[in-house]
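Structure assessment
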Amino acid sequence: MVIGATGQIGRVAVRALARDGWEVTAVSRGGGRDDSWPDEVRVATADRADDAALASVVGDGCDVLVDMVAFGPEHARQLTGLAGRVGSAVVISSVSVYEDDKGRNFDTQAEPDGFPEYPVPVPEEQRTVPPGEGSYSTRKAGLEHELLAVADQLPTTLLRAGAIHGPYCRTPRELYFVKRNLDGRRRRVLPYGGESRFHPASVHNIAELIRLAAVRPGARALNAVDPEAPTVAEIAGAIDAVMGVEVENVLVDGPPPAPTVGDTPWSVPVPVVFDMSAAERELGYRPVVSYAQTLPETVAWIEGRLAGRDWREAYPKMYETYGDLFDYAAEDAWSA
């Protein structure tokens, strides 16, 4: 059973599990079906916030429950309440649960000297933020804490995803470069010398981890990222190649030179890169795609969403998260 089946990861995971021979029930609020799913995939409608509705679709039980949309401790308790009817679980978490040895994390990055400095690459043994209700990160940490505490009742694999990319993403970081190229901007400002690295995670690689964890139940938290962590300059160049354009990089040492100038969704002052050796060791995981290989479908999806629409209408959550990413007037003024 896959909860959140019509979301960004869910669509691919359902297809991968069905191809692997599982009898899959795809659960979503709208009860929709993706065109790529085999006819044998069953669909069910349920809002995961409704305990009774979720319990009803689980029915007499399932061998594996895959949860794409669990965000906090209350969702962990919801799942453990079904433990007697669920063999094991695979739950999507986030790399945002990590903090560095000084207690800095993704929640403190806006503070002076607040950006975390993680080891490169970050292993799963790295400390995590205290569970709590204050933020996305602390809620994900609470989800993990609750589920791992009852692993004897419900063996759960938690997958700590990086910067997820692929079609159906509500906050695609690639939008920054795709829209600039569509708008004919042939120069771009990249802070930190264009060397920022924030580890991406393809929906296809995450789906492969889900597929492997489904047949290897256990109590574990594993990183879930791509085989490589390209720099922001490399990401921009790969998108240019897909779109057939040439763009000049204006490299700036240090942070963005002005508000709304060069502050890409990928730009971080220190590398944020994660270790995948535990997944390779415990699940026999091997990545199925590279970042560059997935870009054509991602770019095509973003172009389709933008066609004839203001970007803030096409991607409202992106605007809510990052603000004005395309302040060309401010960029031109700085350049001048």
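Predicted model, so just to flag it, every value in this text is computed and none were measured.

1. Looking at the overall build of the protein chain
Of the regular secondary structure elements, the protein chain holds twelve helices and eleven strands. For the protein chain, whose C-alpha radius of gyration is 20 Å, the value lies close to the compact-globule estimate of 20 Å for 336 residues. For the protein chain, the spread of C-alpha atoms along the three principal axes comes to 65 × 45 × 35 Å. Out of the 336 residues in the protein chain, the part that is buried amounts to 55%. Look at the contacts in the protein chain between residues 6 or more apart in sequence, and 77% of them connect residues 24 or more apart. Carbon and sulfur atoms form 48% of the exposed surface of the protein chain, whose accessible area is close to 14300 Å².

2. Observations regarding the sheet that holds strand β10 (residues 220-224)
Ordered by their spatial adjacency, seven strands build an open sheet running β3-β2-β1-β4-β5-β6-β10, and the pairing between neighbours is parallel. Edge positions in the sheet fall to β3 (42-45) and β10, since each of these pairs with one other strand and no more. For strand β1 (residues 2-3) and strand β2 (residues 25-28), the ladder comprises two bridges, and the chain directions are parallel. Bridge assignment links Ile 3 to a residue of β2, and that residue is Val 27.

3. Here we look at the environment of Asp 263
When you line up the elements, Asp 263 lands in the loop between β11 (248-251) and α8 (277-283). Residue classification places Asp 263 among the partly exposed residues on the basis of a relative accessible area of 44%.

4. A closer look at the packing of aromatic side chains
Here the structure, examined in full by the defined rule, presents eleven aromatic pairs. Here the aromatic rings of Tyr 98 and Phe 274 are separated by 5.8 Å at their centres, their planes lie at 25°, and the arrangement is stacked. Of this pair, Tyr 98 sits in the loop between β5 (86-94) and α4 (136-149) while Phe 274 sits in the loop between β11 and α8, placing them 176 residues apart in sequence. For the pair Tyr 98 and Phe 274, one class covers both residues: buried. With centroids separated by 5.6 Å and ring planes inclined at 80°, the aromatic side chains of Trp 311 and Tyr 319 adopt a geometry described as edge-to-face. Residue Tyr 319 is classed as partly exposed on the basis of its relative accessible area, which comes to 38%. Among the aromatic residues, those joined into a ring-pair cluster are Tyr 176, Phe 177, Trp 311, Tyr 319, Phe 326 and Tyr 328. Cation over ring: Arg 185 sits above Tyr 328, and NZ or CZ is 4.3 Å from the ring centre. The cationic tip of Arg 305 hangs over the ring face of Tyr 315; the distance from NZ or CZ to the ring centre is 5.5 Å.

5. Considerations on the pattern of salt bridges
Under the defined criterion, the tally for this structure stands at 20 salt bridges. Close ionic contact of Arg 104 with Asp 100 constitutes a salt bridge, the shortest N to O distance being 2.8 Å. Residue Asp 100 is classed as buried on the basis of its relative accessible area of 1%. For Asp 310, the salt bridge is made with Arg 312, and the minimal N-O distance between the two is 2.9 Å. Taking relative accessible area as the criterion, Asp 310 reaches 33% and is therefore assigned partly exposed. Residue Arg 312 is classed as partly exposed on the basis of its relative accessible area of 39%. Connected through shared salt-bridge partners, Arg 180, Arg 185, Glu 331 and Asp 332 make up one network.

6. As for the pairing of β10
When a strand is regular, its side chains alternate between the sheet's two faces. In terms of burial, β10 is a largely internal element, five of the five residues being buried. Here β10 shows a buried face lined by Arg 220, Leu 222 and Ala 224 and a second buried face lined by Ala 221 and Asn 223. For strand β6 (residues 156-161) and β10, the ladder comprises five bridges, and the chain directions are parallel. Note on β10: the bridge partner recorded for Thr 157 is Arg 220.

The rules behind these values
Residues numbered from 1 in each chain as written. Predicted model: local features only at pLDDT ≥ 70, side-chain atom pairs only at ≥ 80, totals over all residues. Heavy atoms only, no water. Helix = DSSP H or I, 4+ residues; strand = E, 2+ residues; numbered from the N terminus. Rg over C-alpha atoms; globule rule 2.2 N^0.38 Å. Buried < 20%, exposed > 50% of the residue type's maximum accessible area, 1.4 Å probe, protein only. Contact = heavy atoms within 4.5 Å. Areas by Shrake-Rupley, 256 points an atom, 1.4 Å probe, with all protein chains shown as cover. Pairing = 2+ DSSP bridges. Phe/Tyr/Trp six-rings, centres within 6.5 Å; stacked < 30°, edge-to-face > 60°. Lys NZ or Arg CZ within 6 Å of the ring centre and 35° of its normal. Salt bridge = Lys/Arg side-chain N within 4 Å of Asp/Glu carboxyl O.

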